[in-house]
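# Secondary and tertiary structure notes
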Amino acid sequence: MFHSSYIEISRSALQNNINVIKQEIGPGVQFSSVIKGNAYGHGIEQFATLAQECGVDHFSVFSADEALRLQQSLPKPATTLIMGYIDDPELEWAIRHDIEFFVFEPDRLVQAASIAKKLGKKAKIHLELETGMNRTGFDSATIAHAIRVLDDTKEHVSLKAVCTHFAGAESFQNHERIQIQQQQFRKLSELLINSGHSPEKLHSACSAAMVSYPETHMDMVRIGIMQYGFWPSPETYSHFFSQRTIKKDPLRRLINWKSRIMSIKHIQKGEYVGYGSSYQTPRNMTLGIIPVGYGWGYSRTLSNQGQVLIRGVRAAVVGIVNMNVMMVDVTDIPGVQKDDEAVLLGTQGNESITVASFAELSTQLNYELLTRLPSNIPRLVID
Ligand SMILES: *Cc1c(COP(=O)(O)O)cnc(C)c1O
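Numbering of residues starts from 1 in each chain and follows the order in which that chain's sequence is written. Under the rules for a predicted model, residues below a pLDDT of 70 receive no local features and side-chain atom pairs below 80 are neither given nor counted, while totals for whole chains, interfaces and linings still include all residues. The basis for the side-chain values is all heavy atoms of the structure; hydrogens and waters are excluded.

The subject of this paragraph is the packing of aromatic side chains. Working definition: rings of Phe, Tyr and Trp (its six-membered ring) pair if their centres are within 6.5 Å, and the pair is stacked with planes under 30 degrees apart, edge-to-face with planes over 60 apart, and tilted otherwise. A complete count under the given rule lists nine aromatic pairs for this structure. Ring geometry for Trp-231 and Tyr-237: centres 5.1 Å apart, planes at 70°, overall edge-to-face. A 1.4 Å probe rolled over the protein chains alone gives each residue an accessible area, and that area as a share of the maximum for its type sets the label: buried under 20%, exposed over 50%, partly exposed in between. Classification of Trp-231 as buried rests on a relative accessible area of 8%. Exposure remark for Tyr-237: the relative accessible area of 30% places this residue in the partly exposed category. Three or more aromatic residues joined by ring pairs form one cluster here, namely Tyr-40, Phe-47, Tyr-228 and Tyr-367.

To continue, consider the domain arrangement of the protein. Accessible area lost on assembly of the parts is the figure often given for the size of an interface. Per the domain assignment, the segments of the protein are domain 1 (11-242) and domain 2 (255-382). The domain boundaries here were taken from an automatic or database domain assignment. Once you take the C-alpha centre of each, domain 1 and domain 2 turn out to be 37 Å apart. We call two residues contacting when some pair of their heavy atoms lies within 4.5 Å. Domain 1 puts 13 residues into the contact, and the matching count from domain 2 is 11 residues. In short, buried area is how much 1.4 Å probe accessible area vanishes from two parts on joining, totalled over both. For the pair domain 1 and domain 2, the summed buried area comes to about 1100 Å², and 63% of that belongs to carbon and sulfur atoms. The salt bridge definition used is simple: a Lys or Arg side-chain nitrogen within 4 Å of an Asp or Glu carboxyl oxygen. For the pair domain 1 and domain 2, the interface holds zero salt bridges. Where the side of domain 1 that touches domain 2 is concerned, the elements lending two or more residues are α2 (36-40) and α3 (44-53). Numbering of helices and strands starts at the N terminus; helices are DSSP runs of H or I of at least 4 residues and strands are runs of E of at least 2.

Time to look at the pairing of strand β16 (residues 341-348). Counting buried positions along β16 gives six out of eight residues, so the element sits mostly inside the fold. If DSSP finds at least two bridges between two strands, the strands pair. Where strand β10 (residues 255-260) meets β16, four bridges bridge the pair, whose relative direction is antiparallel. Residue pairing for β16: Lys-258 is matched across the bridge by Val-343. Pairing between strand β13 (residues 307-310) and β16: two bridges, direction antiparallel. Looking at the pairing, Ile-310 lines up with Ala-342 of β16. Between β16 and the antiparallel strand that follows it, strand β17 (residues 351-353), lie two residues; Gly-349 among them carries a positive phi value of about 60°.

This is the structure we're talking about:
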């Protein structure tokens, strides 16, 4: 093993989660697998290939570079949708390769149409509507302009969809705002349809909206966090169960982040561990040295807080997490030795370190913690 840690991705867990999502949306609604942010830290190449094997045929990314990585790694063709950034030169590449993309500005529409004309192809666009998130999209003031441009470019543009994104569907605090967004979406999309345009699909839902606002499913859902086995928020989790008799979490996490003990050290009571004096041994102790630190995405805020699993037992992080190394207390783990596996995230025996607890400790959201897992940690697919 050339690397000091590696990340396992479970195929059976992904298949399970995809089944849960498909059951949630029913037949006839397209499931788009959102793999921005390096597939939420799981690795675009490994994750997308696996997802395709599990039956996924539609992927959403943020930017053209992610779309390129996807295209280069997928064994079979799949629909690819860029939801965010495309630089001008890349727009031609996208159209040439039948990649679909969000259009949220008139300029992008005009440009796409002219490139499509030049290539003798149609630009496959998803017209994004601004419904209240105040980020990107056409709103009630600019929709008329978008419609005129669409009228003029009809020949070179295929209107694959009209879509929007919700501003925080995972929190009930935003309930009112989400309702208003839905109304606004209906209003703007009807305007467009009544003026003679026929989008193939309407879509708006992310994971939280899929669970909490079933009326937002329409023709397609764009699902990120839940396919990886995590809930968007505790509120979404409780909402899910409020509708059902089962009480067991149906999702399974794909990710296991593992390292091993690089060295063992015995020290006397009263010594300080690592840099500074944040940890003083309350007794004679055995420490396991783990070759992972904040430089590898193990947050420094887990200093004296985090836990890892060794021989199925929780071992506490003691002292400050260093750039490449951290120390854990293995005093009470019988038979512990150098090269023992250490699970930083995931399951070992009957114990698990969940991202949720981990994220609470390091005051990061699931989303943030996952996407910050460095892309150069190897990802391995397991069953
Ligand atoms: C990230 C993202 C999603 C997926 O969100 P999850 O909460 O991870 O399901 C859907 N739509 C857009 C536009 C996004 O940026």
